[in-house]
Amino acid sequence: MRDEFRDWLTAHWDAELTLQEWRERLADSGWARPSWPSQWYGRDLPAWSEQLVADELGAAGAVGPPLGSGMWLAAPTILEHGDNELKQRVLRPTMTGERSWCQLFSEPGAGSDLAGLTTRAERDGDEWVVNGQKVWSTSAHYADFGMLLARTDRDAPKHAGITYFVLPMHQPGVEARPLRQMNGYASFNEVFLTDARVPDANRVGAPGAGWKVALTTLAHERSFGAVRRPRLERGTGRVVDEAATEADHFFETYRWYPQRAGRVDLVVDLARRVGRADDPVVRQRIAALLSLQRAQEWTARRAAAARALGRPPGPEGSLGKLGASRVARAAAEVHAMLAGAHGTLAGRDGLLDGIVTEVLVSVPAQSIAGGTDEVQHNIIGERVLGLPKEPAP
Ligand SMILES: Cc1cc2nc3c(=O)[nH]c(=O)nc-3n(C[C@H](O)[C@H](O)[C@H](O)COP(=O)(O)OP(=O)(O)OC[C@H]3O[C@@H](n4cnc5c(N)ncnc54)[C@H](O)[C@@H]3O)c2cc1C
């Protein structure tokens, strides 16, 4: 397979195309997502083919499909639950990067209890009219499409009255207001929906079946790890330049995500800088942190190996997420111990140009995003350990 892809790449890679032209070529060849069905821009290959193609693209200095929730969450969800007309309309522009996405699930009163959401959609001929408010919506200030969950039947039990839509974001009824976080960044938004319109043709799955569809999106969300920059350093030409600009724009939203993960990579150097590297208590704490991180990495690799073998995202996703939270919190404690009062200084006054302080005020997000630690504990208790379900009111 590697040989076949290399041959294709040698014959078709052209650095002077536009980024979109190149991605169209990649999508139409089936190599952009080789594990997808051949009918939908794939090649029916096993899941491990994805990594092989990514490695070969990187080695050749070529560019892959776009980053972001479109390819990671929306496309696999639509592939599984959407009808053919919707797949026809949205998969290709998502793969070429012409359309970007955001996730409109959480609301002020519905995060962990997502099924309690109150944004409603009412049928009006061939369209639905949407009213309500979403929050925490990452990248909604520029996204073209939103993965929207809305209540379409108020009389049905809460999980049964929800429908999943592809909401066109650029319309008068959709207003995204960025929220400023305590670390100074503004990567997510409140989204106000006032008589926003969505065609019935943009419904994913049957009316009332949205919960099942949302579980597919959430399973994919829990299973992907850190967001990595594409390896573009080996490439040159127009495609690569445009991809680098696209990556800069994309990563603007995620600039603080490494800090949110705890920056374990900085602690040894920081201990030396502040003259504490010989302190036995400090050494013990750092050793415990590095051991925890190593164990977490191996768990994540086990999850990745299961995915590469084509198994659906499973409980390792929840374990990995919980592990990442523990590492981040342990790292923040070590940073705080080393920084002392300096840990309260932001910007250039702070240690490592303020990065240490940024770690301290970003780490809490790790335990919230994509489902809180407590909710992960519930999932592990119920689905992995088979404990009785928590009592529902
Ligand atoms: C950086 C970041 C990016 C995000 N991006 C998006 C996005 O793009 N789109 C989107 O839709 N959402 C997004 N979210 C929202 C995220 O999914 C929610 O914040 C999360 O699901 C928690 O919901 P909540 O904030 O309403 O907290 P709540 O559900 O109100 O929880 C409050 C507290 O109660 C605890 N709790 C709640 N229920 C239980 C229970 N059953 N058992 C035990 N404890 C419980 C929680 O663990 C938490 O400590 C993002 C969040 C963050 C931090």
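Residues numbered from 1 in each chain as written. Predicted model: local features only at pLDDT ≥ 70, side-chain atom pairs only at ≥ 80, totals over all residues. Heavy atoms only, no water.

## Concerning the environment of Trp-8
As a reminder of what qualifies: Labels follow the DSSP assignment, with helices taken as runs of H or I lasting at least four residues and strands as runs of E lasting at least two, numbered in each case from the N terminus. Relative accessibility thresholds used throughout: buried, under 20% of the residue-type maximum; exposed, over 50%; partly exposed, between the two (1.4 Å probe, protein chains only). Residue contacts are defined here by distance: any two heavy atoms, one from each residue, within 4.5 Å place the two residues in contact.
For Trp-8, the location among the structural elements is in helix α1 (residues 2-12). Judged by its relative accessible area of 12%, Trp-8 falls in the buried class. Taking the C-alpha atoms as reference points, Trp-8 and Glu-85, 77 residues apart in sequence, are found 29 Å from one another. Ignoring any residue separated from it by four or fewer positions in sequence, one finds Trp-8 in contact with Trp-22, Arg-25, Leu-26, Ser-29 and Trp-31.

## Some thoughts on the pattern of salt bridges
Heads up, the rule is: Each reported salt bridge corresponds to a side-chain nitrogen of Lys or Arg within 4 Å of a carboxyl oxygen of Asp or Glu.
Applying the stated criterion across every chain, the model contains 26 salt bridges. Close ionic contact of Glu-297 with Arg-301 constitutes a salt bridge, the shortest N to O distance being 3.8 Å. Of this pair, Glu-297 and Arg-301 both sit in helix α10 (residues 280-308), 4 residues apart, roughly one helical turn. Judged by relative accessible area, Arg-301 falls into the exposed class, the value being 54%. Between Asp-373 and Arg-329 there is a salt bridge, and its shortest N-O distance comes to 3.0 Å. Highlighted residues: Asp-373 in helix α13 (residues 373-384) and Arg-329 in helix α11 (residues 315-339), separated in sequence by 44 residues.

## Describing the packing of aromatic side chains
Where we set the bar: Ring pairs are drawn from Phe, Tyr and Trp, using the six-membered ring of Trp, whenever the two centres fall within 6.5 Å, and their geometry is named by plane angle: stacked under 30 degrees, edge-to-face over 60, tilted for the rest. Ring-over charges, as used throughout, are those where CZ of Arg or NZ of Lys falls within 6 Å of the ring centre and within 35 degrees of the ring normal.
Taken as a whole, this structure holds 13 aromatic pairs when the rule is applied. Ring centres of Phe-250 and Phe-251 lie 5.2 Å apart, and the angle between their planes is 85°; this geometry places the pair in the edge-to-face category. When sorted by exposure, Phe-250 lands in the same class as Phe-251, which is buried. An aromatic cluster is defined as three or more aromatic residues linked by ring pairs; in this entry it consists of Trp-72, Phe-250, Phe-251, Tyr-254, Trp-256 and Tyr-257. Seen from the ring of Phe-192, Arg-177 lies directly overhead, with NZ or CZ sitting 4.2 Å from the centre.

## Details of the pairing of strand β4 (residues 145-151)
Side-chain positions along a regular strand alternate between the two faces of the sheet. Applicable threshold: Strand pairing is assigned whenever DSSP identifies at least 2 bridges connecting the two strands.
For β4, the buried fraction is high: 7 of the 7 residues fall into the buried class. Residues of β4 alternate between two faces, with Phe-145, Met-147, Leu-149 and Arg-151 on one and Gly-146, Leu-148 and Ala-150 on the opposite face, all of them buried. Where β4 and strand β5 (residues 162-168) come together, 7 bridges link them in antiparallel fashion. Along β5, the bridge assignment pairs Phe-145 with Pro-168.

## Notes on the site of the ligand
The condition that has to hold: Neighbouring residues are identified by heavy atoms, a residue being near a molecule or strand if any of them is within 4 Å of it. Two N or O atoms count as a polar contact when they lie within 3.5 Å, although within protein this holds only if one can serve as hydrogen donor and the other as acceptor, and sequence-adjacent residues are included solely when both atoms are side-chain atoms.
Inspection of the region around the ligand gives 20 residues, with Ser-106, Ser-112, Trp-136, Thr-372 and Glu-374 positioned closest. Here a nitrogen atom of the ligand sits 3.2 Å away from a polar atom, N or O, in the side chain of Asn-378. At the level of secondary structure, the elements contributing two or more residues to the shell around the ligand comprise β3 (127-138), α8 (257-260) and α13. Element by element, the count of residues in the shell around the ligand is highest for β3, at 3 residues.

## Details of helix α4 (residues 69-81)
Put simply, the test is: What a helix is expected to span follows from its residue count: subtract one and scale by 1.5 Å. Throughout, bend refers to the angle between the axes fitted to the seven residues that end at a position and the seven residues that start at it.
Here α4 is 13 residues long and its end C-alpha atoms lie 17 Å apart, about the 18 Å a rise of 1.5 Å per residue gives. When the local axis directions of α4 are compared, the greatest deviation, roughly 30°, occurs at Ala-75, which is followed within four positions by the proline Pro-76. Of all 13 residues in α4, 11 are buried; the element is thus mostly enclosed. Within α4, the full set of buried residues consists of Ser-69, Gly-70, Met-71, Leu-73, Ala-74, Ala-75, Pro-76, Thr-77, Ile-78, Leu-79 and His-81.

## Overview of unusual backbone geometry
Even without being glycine, Asp-195 reaches a positive phi, approximately 50°. Inspection of the secondary structure assignment puts Asp-195 in strand β7 (residues 188-199). The partly exposed category is assigned to Asp-195, whose relative accessible area is 49%. Of note in this structure, Leu-352 is not a glycine but carries a positive phi near 50°.

## Comments concerning the side chain of Asn-189
Within the fold, Asn-189 resides in strand β7. A distance of 2.9 Å separates a polar side-chain atom of Asn-189 from the backbone oxygen of Ser-137. Other than its neighbours up to four places away in sequence, Asn-189 contacts Lys-134, Val-135, Trp-136, Ser-137, Thr-138, Ser-139, Ala-140, His-141, Ala-176, Arg-177, Pro-178 and Leu-179.

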